Structures are given as C-alpha cells and as structure tokens.
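Reading the structure
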There are 2 protein chains.
Amino acid sequence: MVAPRQRLDATRRPPSDTGVSRSRSQTPKGQRTREAILQAATEIASTEGLEAVSFGRVAQALGVSKSGLFSHFPTKEALQLALLDRFRTFFVETVVEPSDATPEGLPRLWGLCSSWLRYAETTVSDGGCLFQRVASEYASRPGPIQDLIKELTQVFNGRLQRRIHMALEAGHLKPEVQPLQLAFELQSLMGSANGAFQLFGHPGVFELCRRGLASRLESVMTPEAPPLEGL
Amino acid sequence: MVAPRQRLDATRRPPSDTGVSRSRSQTPKGQRTREAILQAATEIASTEGLEAVSFGRVAQALGVSKSGLFSHFPTKEALQLALLDRFRTFFVETVVEPSDATPEGLPRLWGLCSSWLRYAETTVSDGGCLFQRVASEYASRPGPIQDLIKELTQVFNGRLQRRIHMALEAGHLKPEVQPLQLAFELQSLMGSANGAFQLFGHPGVFELCRRGLASRLESVMTPEAPPLEGL
C-alpha cells in the first residue's frame, strides 16, 4: 500500500472533464442532461460492467440520439471516468462525511467502518458495489480507469490509516498498533465481503465482515476506549 | 460462504475433459503434447488473462498448427477449464498437501496459512496468482469458468473451516471461535493480498498478510496452543 497522493475531496473537479464542452454542461439544462447521462451509464455499469457503457447503449436508454451525448463527453472513456468520479463523490458523501461527525478517536474509526457497512448493505439490491465490479473488471487492464481505481483504493486506505492514528493519539488503541498494518486488515475484510457478494450473491457475508471488523478492533482496544456503538 | 460440495482432490478427472479425444491424450506422446499445450496456455493466461487464451495464440507459441490442438481440446472453453483444473492440481500439491504433514490442531491450520504464503510469494515473479487474475476477470461473467472459480473458493474455505474445527477440538483455539467466521477472516487477508499485489505490484503486501494472519490467530489461541512456527 502506498500513501495517497491526494485527499478525498467531493468537490474536486472530475479529471474526466478534460476536453468536455463546458459551455453546454454548465447551463442548468446541460447539467441536468449530463446527470441523466451519468445516471443511465451508472445503471448499465452496475449490472453489466463498465465496458458495456457505450454511447449507443446510453442513448438507447435515454431515448436520445448518440450525437447529443458527444457535446457532454468526447469519448467513451471520458464518460466512463466521469461515471467513476461521480461514484467517488457519492462515496465521500455517503461513507466518509457522515463519520466525520462522530467523536474523535476510536468512535471516528469505527464510524467509518459502520458507514461503509451501511453503504455496502444498500448495494445488495443493486447487485453489489459498483466500485468492486469495476475494480475486478479492470484489475489486469492498465490505463486511466485502472489508475482511478488505484487512486480510490489508496485514498480510502490513507483515510483509514489517519483515523487509526487519531485513535492511537486518543489512547483508544494499544500503542503497538501499526496504522499501515491495521488499515490493510480492515480494508481486506471490506474488500473481501464485496468480492464474495459479487461472486456468490449472499448478503450474509456483510455480517461476517461486521463481526470481523469489530473483533479485530476489540483485540487492540485499550481499557480507556469507548465501546463500539451499534454492534 | 457455502459449504464445499466436494473435497479437494488432486487426482479427480478434469471436468473439462468432456468431449476430449481420450485416445489421443492417453498415449505417452499425447500426454506430453497435452501438457505442453496447457503450459503454453497457462503462460498466456498468467500475463494477459484467460480470455487471451485462444487456439491461435497457443499454436503460435508452440510452433504447431491449430488443427493439432483440436484433438486435445474441442473448444477454447474446454482448454481454459483444463488449464484451471491443472492449476487446481498444482495448488493442492503445493499448498494443501504439504500442510497435511504438520501436527494436528493449530499447527496444521497455521501450516495451511504458511504454505499458502510461500505459494503466494513464488507467484510474485510471474505477476501474481493465476487464480486471482482469472477470478477478477470472470467475477461478473457467469458460466462454467466462473462456476469453477466459485468451487475452488468454496473448497479452500471449507478446508480452512475443517482445520479450525480440528484446532478447536485440540483445545488450541478459544471455544467461542466460529469456524465460518474465522475462515472468512483468514481468507479475506489472503485474497486481499493477492488482489493488492495484482493491482499495485508491491510484494510487501504479503508480509502485511502474514502479520495479519498471525495476529488474528494469536488473538484466539489458548495457553495450551503451541506457538506459530516460522514467524
């Protein structure tokens, strides 16, 4: 695992926008169209994979002509990257930010795990986590999409490591805990639950994940640590 | 996770052999040719993915005509399945069987983890675990290849669970340990290390995995348990 190159930031300008007609996408109507395109593309990616996202499929889903899409996204890859960037924003707003409100120390680390679990369980009805599906699909395919997957993976790992540091500073974790090591272990449980759900479709795997996360943290908590909430 | 439907068995007849010309493949020369085809196909799959395994590519690698391959494998899928079945045999012989020789109880469970780690570290020079690569590639593609991936995943999980049971019976693990839960946690660390290596190419992740496996087991060992060897 490598340290993240940049902070998770929901407001960051999508890297995929390079070359996009800003004038068209920046009007209110243009923004609504762009959002509708990305929503349709996300639905295709969630059920069939990112490779299945094409101008033809999206135009068909929206009942518009392909030419109307080009003014928003110059290439298929720009559309795919914008879709992933929209997922990043959703993930930050759904998983990361809610846990920022929890008290510092172990509660904020556990808050991140808990909000991830809530997010993961909401993906069950959509066939699983979009990011997991794309990460598998592009695991052996170098390029800008794989680069974005690597970046999101590293950024989440960095966020976990910083919260472990905070919990150590608060005296809630035993001093021998190594943030890099514990972050790998927690992220392993999350990623594996997503992967197992993708392959087998049994949502019970998220309960195994919850218990795994909790028991790993309980084994390194100090007597001063507040209990893990919502177990 | 679902209980495995059958035991790992290195001598089991490959499911992919259905329709294969047994007369050709059963002569000593035929067996050597079959092995050469599978070796060439495995090298292609290891570097480019299973989908890249085609009769044309394998024939080119071996310097033979495509027609010579059809008498051994009637279809591309039969060749791909036979390649995975050969991997299963290799995995059983390399990872599972060596650990059968370790003393019963926790040493045999840790022996399975250790021999998996040795195997994983040998894959570093080949770009990672073949099974991990294929599992990612076919995670969203139902069919016989995905079925075989699911089966191998479940069978390894079942093997872990049985060894956890044995360690419980030997009094080496705390009685509250649940084999399904602990097997999920150990397998998560292994799968995530493989996945992270596939994506980032940093072999240090296997050391994170080793420490993760050891600390998880140490947290549930009884005072009667022998120490984990080779740490």
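Note that the coordinates shown come from a computational prediction; the quantities given were computed from them, not determined experimentally. (Residues numbered from 1 in each chain as written. Chains lettered and ligands numbered in written order. Predicted model: local features only at pLDDT ≥ 70, side-chain atom pairs only at ≥ 80, totals over all residues.)

Attention now goes to the overall build of chain A. The helix and strand tally for chain A stands at 10 helices and zero strands. Along its sequence from the N terminus, chain A presents helices and strands in the succession α-α-α-α-α-α-α-α-α-α. In chain A, buried positions account for 41% of the 231 residues. Long-range pairs, those at least 24 residues apart, make up 68% of the contacts in chain A between residues at least 6 apart in sequence. (Helix = DSSP H or I, 4+ residues; strand = E, 2+ residues; numbered from the N terminus. Buried ≥ 20, exposed ≤ 12 C-beta atoms within 10 Å, placed from the backbone. Contact = placed C-beta atoms within 7 Å.)

All right, on to helix 2 (residues 28-48) of chain A then. Think of an α-helix as 3.6 residues a turn; residues three or four steps apart then line up on the same face. Residues and elements named next belong to chain A. Here helix 2 spans 30 Å end to end across 21 residues, near enough to the 30 Å set by a 1.5 Å rise per residue. Looking only at helix 2, the buried set comprises R34, I37, L38, A40, A41 and A45. Buried positions in helix 2, seen along its axis, are confined to an arc of 165° and lie on one side of it. Every exposed residue of helix 2 that faces more than 90 degrees away from the buried side is listed here: P28, K29 and R32. The positive-phi residue at the C-terminal boundary of helix 2 is G49, with phi of around 105°. (Expected span 1.5 Å × (residues − 1). Arc of directions from axis to C-beta.)

Look at the two chain copies: a rotation about an axis and a shift along it is all it takes to match them. Rotating chain A by 180° and translating it 0.0 Å along the rotation axis places it on chain B, where the RMSD comes to 0.0 Å. On this basis, the relationship between the two copies can be described by a two-fold rotation axis. Minimal C-alpha separation from the rotation axis in chain A is found for S136 of chain A, amounting to 2.2 Å. A shared interface surface links the copies, since 100% of the contact residues of chain A are contact residues in chain B too. (Least-squares fit on C-alpha atoms with pLDDT ≥ 70 in both.)

On the side of chain B, 28 residues touch chain A, which itself brings 28 residues to the contact. Going through the elements one at a time, helix 7 (130-137), helix 8 (144-169), helix 9 (179-200) and helix 10 (205-218) of chain A are the ones with two or more residues in the side of chain A that touches chain B. For the side of chain A that touches chain B, the leading source of residues is helix 9 of chain A, giving 13 residues.

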